Amino acid sequence: MYDDTIHILQLSHLKDKIEHIEVRAEKQSLEVMILLKRSIVMCPKCESKFIRFHSYSYRKIIHSISTGQPCILKFHQRKYQCKVCSRVFNEDNPFTTKHANISHYTRLSILNYLKDFNHTFTDTAALFHLSIQRVIDIFDQAVDARRRSLPEVICIDEVYTNKMNKYKYACVLLDFKASKVIDVISTRHKNYLIQYFSRIPKAEKDEVKVFVMDMWDSYREAVQLTFPKAMIAIDSFHIIRTLNDVIRNIRIRTQNKYRLHKSSPEHDDMYYYMLKKFHYFLVKNYENIYDGKIRIAKYNMYWHKSEILDYLLSIDDDLKSAYRLKERYREFNLTAEYDTCDDELNALIYAFRNHSLVELRVFGKTLEKWKIEIQNSFLAFNKRRVSNGPIESTNSKIKTIIKTANGIRKFTRFRNRVMFAINKDIPIQNK
Ligand SMILES: [Zn+2]
């Protein structure tokens, strides 16, 4: 007869055990009086079956079935007494664990809600009518994420953690294929990483084929030392970004040469204007630039992108040759293959190292230093070239968690939060 009520209250699994249930709408909350059917019990102390009813007690249990208003179960719990040893004990409580006052259902709903990385402890507390600390306690007790076992391809990168941590940057390990967080390590310091990796069993480490990283010496040294069998690949987007920064600096230097200024040796206002206004032409992929007529506001002209690029490159020979060399590298990065990239990479390194501009010579040195790792960046798994792409999207989720991180002050909690909300398959501990 109470079937609907029981169903609405998410207590269907206890249907056969409920003797009486009654819902009362109070001013601020919903109260549910519950009495369970009397069952055969045994004394927990002497195991005797000679038991008598002793008394009732009320237990208030928070049971958030609706987010509109708090709902409280008032469980009419029996106390029994053993006729043999006089021990007084409680009837079983199927709604929650021994000393808790939050129902299993509420606890699971809260944890489920926290699986979304956008949801903060504060939001959750408001939604479930609990204190923030209470939500944090529930989370801390339920989630203790373990490091995932190491996959074939690992992406390694850092994330800025600010107040979360005594170190500025934490280190994130990601499974390239499954896009799952393997672990979040509190620092990216080399010695710490070496210690961390050294503790992982050798057999597990031997299965790792590739580490993908930015051009960061500490990562390379730590991985070379602790994963002698793994290859290291540089994220190719990272190289292109580095190269674009170099081009940007050359462009700014060139542009400022032509700034209208009394002390400038040469000045041509249009050179300055065009380099500044169409700065992106030098770093953006040409095919991605708008293909129609582009307005040049100051001169009230409409030019096609090819005319603009030609104009920009006509301004300065150094800038032009830097741009051409960058485009040659970009082409190489897009089209080369692992087995055959050696010659062109050597030729590129030579061209950069012997360029007239010092910035490009420095970049050439970097290419040389990371040559093997650049070659390895052409490795592919299931036809997918290795990269740190997956970690970039993960890091943006992590940044959201950090940005809205009221109540995350402990690194372990932060780490659990990240793994719980990003991996979605972290088991909930029943304590
Ligand atoms: Zn007893």
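In every chain, residue numbers begin from 1 and rise along the written sequence. With the structure being a predicted model, the display of local features is reserved for residues of pLDDT at least 70 and the display and counting of side-chain atom pairs for 80 or more, all residues being used for whole-chain, interface and lining totals. To obtain the side-chain values, all non-hydrogen atoms of the structure were included, while hydrogens and water were left out.

## Things to note about the sheet that holds strand E9 (residues 210-213)
Phase 1 of the analysis: Following DSSP output, two strands are said to pair if at least two bridges run between them. Under the DSSP-based scheme used, a helix requires at least four consecutive residues in state H or I and a strand at least two consecutive residues in state E, with every element numbered from the N terminus. Pairing within the open sheet is mixed, and its five strands lie in the order E8-E7-E6-E9-E10. A strand with exactly one partner marks an edge of an open sheet, and here the two such strands are strand E8 (181-185) and strand E10 (231-234). On average, each strand axis in the sheet is inclined to that of its neighbour by 25°, with strand direction left out of account.
Phase 2 of the analysis: With seven bridges connecting them, strand E6 (residues 153-160) and strand E7 (residues 169-175) associate as antiparallel partners. Looking across to E7, one finds that Asp157 is bridged to Val172.
Phase 3 of the analysis: In this description, contact between two residues means that some pair of their heavy atoms is separated by no more than 4.5 Å. Axis definition: a line fitted to C-alpha atoms, limited for helices to the stretch in contact. Angles are taken between N-to-C directions and run from 0 to 180 degrees. Together, E6, E7, E9 and E10 form the strand contacts of helix H7 (residues 217-226), whose direction differs from that of E9 by roughly 170°.

## Topic: the coordination of the zinc ion
Reference values for angles at a metal are 109.5 degrees in the four-donor tetrahedral case and 90 or 180 degrees in the six-donor octahedral case.
Phase 1 of the analysis: Coordination shells were defined by N, O and S atoms within 2.8 Å of each metal, extended to 3.2 Å for Na, K and Ca; water is absent from the atom set, which can make sites look incomplete. Within the protein, the atoms that donate to the zinc ion are Cys43 (SG), Cys46 (SG), Cys82 (SG) and Cys85 (SG), at distances of 2.2 to 2.4 Å.
Phase 2 of the analysis: For the zinc ion, the four donor atoms in the first shell make angles of 103 to 122° at the metal, a pattern classed as tetrahedral. In this scheme the shape depends on donor count and angles: four donors with every angle between 85 and 135 degrees give tetrahedral, four or six donors with opposite pairs above 155 degrees and others between 65 and 115 give square planar or octahedral in turn, and any other case is irregular.

## Structural notes on the packing of aromatic side chains
Phase 1 of the analysis: A pair of Phe, Tyr and Trp rings is counted when the ring centres sit within 6.5 Å of each other, with Trp represented by its six-membered ring. The angle between the planes then sorts it: under 30 degrees is stacked, over 60 is edge-to-face, the rest tilted. As enumerated under the stated definition, the model contains 25 aromatic pairs in all.
Phase 2 of the analysis: Consider the rings of Phe139 and Phe420, whose centres lie 5.6 Å apart with planes at 80°: the pair is edge-to-face. Within this pair, whereas Phe139 is found in helix H4 (residues 132-142), its partner Phe420 is found in helix H16 (residues 411-423), the two being separated by 281 residues in sequence. Accessibility assignment for this pair places Phe139 and Phe420 in one class, buried.
Phase 3 of the analysis: Both rings, one in Phe411 and one in Phe414, keep their centres 5.9 Å apart while their planes meet at 55°; by these two values the pair is tilted. On the criterion of helical spacing, the pair formed by Phe411 and Phe414 is a turn pair, its members being three residues apart in helix H16. As far as burial versus exposure is concerned, Phe411 and Phe414 are alike and both buried.
Phase 4 of the analysis: By the ring-pair criterion, three or more aromatic residues cluster together here, those being Tyr329, Phe332, Phe352, Phe363 and Phe378.
Phase 5 of the analysis: The positively charged end of Arg188 is found above the aromatic ring belonging to Tyr169, 4.2 Å away from the centroid.
Phase 6 of the analysis: Here, a charge over a ring is recorded when the distance from Lys NZ or Arg CZ to the ring centre is within 6 Å and its angle to the ring normal is within 35 degrees. Over the aromatic face of Phe227 sits the side chain of Lys205, whose NZ or CZ is 5.8 Å from the ring centroid. Each residue is assigned to one of three classes by its accessible area relative to the maximum for its type, calculated with a 1.4 Å probe on protein chains only: buried under 20%, partly exposed between the two thresholds, exposed over 50%.

## Concerning the side chain of Asn395
Phase 1 of the analysis: Mapping Asn395 onto the fold places it in helix H15 (residues 389-403).
Phase 2 of the analysis: On the accessibility criterion, Asn395 (6% relative accessible area) is buried.

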